[in-house]
Amino acid sequence: MKLQRMNRRALTLGALAVSGALALTACGSDDNGGSSNSSSSSTANASSIDCGDAKKGEQLLSDGSSAQKNAIAAWVKNFTQACGVQINYKAGGSGAGVTAFTQGQIPWAGSDSALKPEEVTASKSVCSGGQGIDLPMVGGPIALGYNVPGVDNLVLDAPTLAKIFDSKITNWNDAAIKKLNPSATLPNLKIQAFHRSDESGTTDNFTKYLIATSPDNWKYSGGKAWQAKGGQSAPQSSGVAQQVKATSGAIGYFELSYVTDGMKAVSINTGAAAAVAPSTDSATKDIAAAQVVGTGSDLTLKLDYNTKAEGAYPITLVTYEIVCDKGNKAATLPATKAFLTYIASEEGQKILSTIDYAPIPDTIITKVRSTIASIS
């Protein structure tokens, strides 16, 4: 199976050389990114980026979701080139990012899950007169990458995935998998299911899908921390992807941009006429049906994990940039606001589909732009 990758390139690509001054680092083993095409396909015309009041030579530290790491890398390259601001995004995971934000260590964070009520409360101590808000910025499918010799087109459904990741289905020639793949030659091979070892919004969204679609087979409450017994673990999305690539019989969950170097991804039987492969197209169809459930300046979304719409991939996530609505630190506000303005812009969003992410639908990103303009 070949993944459907959108190649919409509405940007006019500039022939600008990228200096080595970019400071983009990762935390732990997450320094090995996924998609290798981000540096070659996402260069923007630096002169078109509005730097606002950001000052050349500034350094901005952030942390959070490793799911958006490759998107942030593309954005940072262009923004640094245009504005001379060095952004160090550590990609230490959603949990690490939210903690750093609520402790006042960073001016904004990335998270694949919206702030919990207690985290909003904690944010009020660092947002003088305000609070942390969730701004949806990056969309995309959570792919189930697999390494099963001789199997190029694998279809699974929610109950089967729940049993695999809960160690209830342990071999690739299990009857339930055979039923979904009648023409495949499934080997007598032990399943090696990999999950995240760190607190992760990717885990939160993947388990939300299992809870919503197969509650009889997934009895856990969900959250950023993995709860099921058994299986194997690795840190960050890149760590899980590396283990799947290296392990015969492996399966793991991570963002589409990490499905590289010949790795294959599962198509999901949603009950629609045809199984749906993860792609920017199929994720956008699902995200377009999301509802804004946040209040005030908060733009938290509710996704439809139970979709049966043709061509809509059901295991999607939206990464939020978390920032104070009011009370941002004066020293970091100009650069933070300029960067967020750029990544929410039409130019910034168009980059996403070239590197296996899904742009936020117009009806939602318009609200994001308006909110960013009002932060103080």
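Scroll up for the structure.
Structural notes, computed from the coordinates. (Residues numbered from 1 in each chain as written. Predicted model: local features only at pLDDT ≥ 70, side-chain atom pairs only at ≥ 80, totals over all residues. Heavy atoms only, no water.)

**Considering the pattern of salt bridges**
Part 1: Applying the stated criterion across every chain, the model contains 5 salt bridges.
Part 2: Note that Lys264 and Asp152 form a salt bridge whose closest N and O atoms lie 3.5 Å from each other. You can see Lys264 sitting in strand E9 (residues 264-265) and its partner Asp152 sitting in the loop between strand E4 (132-147) and strand E5 (155-156), a full 112 residues away along the chain.
Part 3: Residue Asp152 is classed as partly exposed on the basis of its relative accessible area, which comes to 40%.
Part 4: One salt bridge connects Lys168 with Asp166, and the closest N-O pair in it is separated by 3.0 Å.
Part 5: On the basis of relative accessibility, which here comes to 59%, the residue Lys168 falls in the exposed class.
Part 6: Judged by relative accessible area, Asp166 falls into the buried class, the value being 9%. (Salt bridge = Lys/Arg side-chain N within 4 Å of Asp/Glu carboxyl O. Helix = DSSP H or I, 4+ residues; strand = E, 2+ residues; numbered from the N terminus. Buried < 20%, exposed > 50% of the residue type's maximum accessible area, 1.4 Å probe, protein only.)

**Considering the layout of surface pockets**
Part 1: Estimated volume of the second largest pocket: approximately 210 Å³.
Part 2: Forming the boundary of the second largest pocket are 10 residues, of which Gln349, Lys350, Pro359, Ile360 and Asp362 lie nearest the centre.
Part 3: Elements represented by at least two residues in the lining of the second largest pocket include exactly helix H11 (346-352) and helix H12 (362-374).
Part 4: Ranked by residues supplied to the lining of the second largest pocket, first place goes to H11 with 3 residues.
Part 5: Taken together, the residues of the lining of the second largest pocket break down into 3 nonpolar, 2 polar and 5 charged. (1 Å grid on protein atoms, 1.4 Å probe; cavity = no way out; pocket = protein on both sides within 12 Å on 5 of 7 lines; lining within 4 Å. Points joined across faces, edges and corners; volume = space filled by probe spheres on them. Nonpolar A, V, L, I, M, F, W, Y, C, P; charged D, E, K, R; others polar.)

**Focus: the nonpolar core**
Part 1: One finds Trp75, Leu144, Leu161, Phe165 and Ile251 to be the most contacted residues of the largest nonpolar core, which totals 93 residues.
Part 2: Those residues in contact with Leu161, other than ones at most four positions away along the chain, are Leu144, Leu156, Tyr209, Leu210, Ile251, Ile268 and Ile315.
Part 3: Residues Ala143, Ala234, Val244 and Tyr258 belong to the second largest nonpolar core, which totals 13 residues. (Core = buried A, V, L, I, M, F, W, Y, C linked by side-chain atoms within 4.5 Å. Contact = heavy atoms within 4.5 Å.)

**So, unusual backbone geometry**
Part 1: Residue Ser167 is not a glycine yet carries a positive backbone phi of 60°.
Part 2: Tracing the sequence through the fold places Ser167 in the loop between helix H5 (158-165) and helix H6 (175-180).
Part 3: Under the relative-accessibility criterion, Ser167 is labelled partly exposed at 34%.
Part 4: One non-glycine residue with positive phi stands out, namely Asp356, at about 70°.
Part 5: Relative to the elements of secondary structure, Asp356 occurs in the loop between H11 and H12.
Part 6: Overall, the relative accessible area of 4% leaves Asp356 in the buried class.

**Notes on the side chain of Asp134**
Part 1: Mapping Asp134 onto the fold places it in strand E4.
Part 2: Despite its burial, Asp134 pairs with no opposite charge, the nearest such side chain being Lys224 at 8.5 Å.
Part 3: At a separation of 3.0 Å, a polar atom in the side chain of Asp134 contacts the main-chain amide nitrogen of Leu115.
Part 4: At 3.4 Å, the side chain of Asp134 forms a polar contact with the side chain of Thr300.
Part 5: In contact with Asp134, not counting residues within four places along its chain, are Ser113, Ala114, Leu115, Asp298, Leu299, Thr300, Tyr320, Glu321 and Ile322. (Lys, Arg positive; Asp, Glu negative; His and termini not counted. Polar contact = N/O pair within 3.5 Å; in protein donor to acceptor, adjacent residues only side chain to side chain.)

**A few points about the pairing of strand E3 (residues 108-111)**
Part 1: By the alternation rule, side chains of E3 split into Trp108 and Gly110 and Ala109 and Ser111, which are all buried.
Part 2: Two strands pair when backbone bridges link them, and strand E1 (residues 59-64) and E3 are joined in this way by 2 bridges, in the parallel orientation. Its bridge partner lying in E3, Asp63 is registered against Ala109.
Part 3: Pairing between E3 and strand E13 (residues 316-324): 4 bridges, direction antiparallel. Bridge pairing links Ser111 to Tyr320 in E13. (Pairing = 2+ DSSP bridges.)

**Quick notes on the state of the cysteines**
Part 1: In total, this model carries 2 disulfides according to the counting rule given.
Part 2: For Cys51, the disulfide goes to Cys83, at an S-S distance of 2.0 Å. In this structure, the disulfide formed by Cys51 and Cys83 twists by about -90° around the S-S bond and is classed as left-handed. Remark: Cys83 occurs in helix H2 (residues 69-83) and Cys51 occurs in the loop between helix H1 (38-41) and E1; sequence separation between them is 32 residues.
Part 3: Accessibility expressed as a relative area gives 19% for Cys51, which makes it buried.
Part 4: Here Cys83 falls in the buried class, since its relative accessible area comes to 6%.
Part 5: Disulfide connectivity for the chain, with bonded cysteines indexed by sequence position, reads 1-2, 3-4. (Disulfide = S-S within 2.5 Å.)

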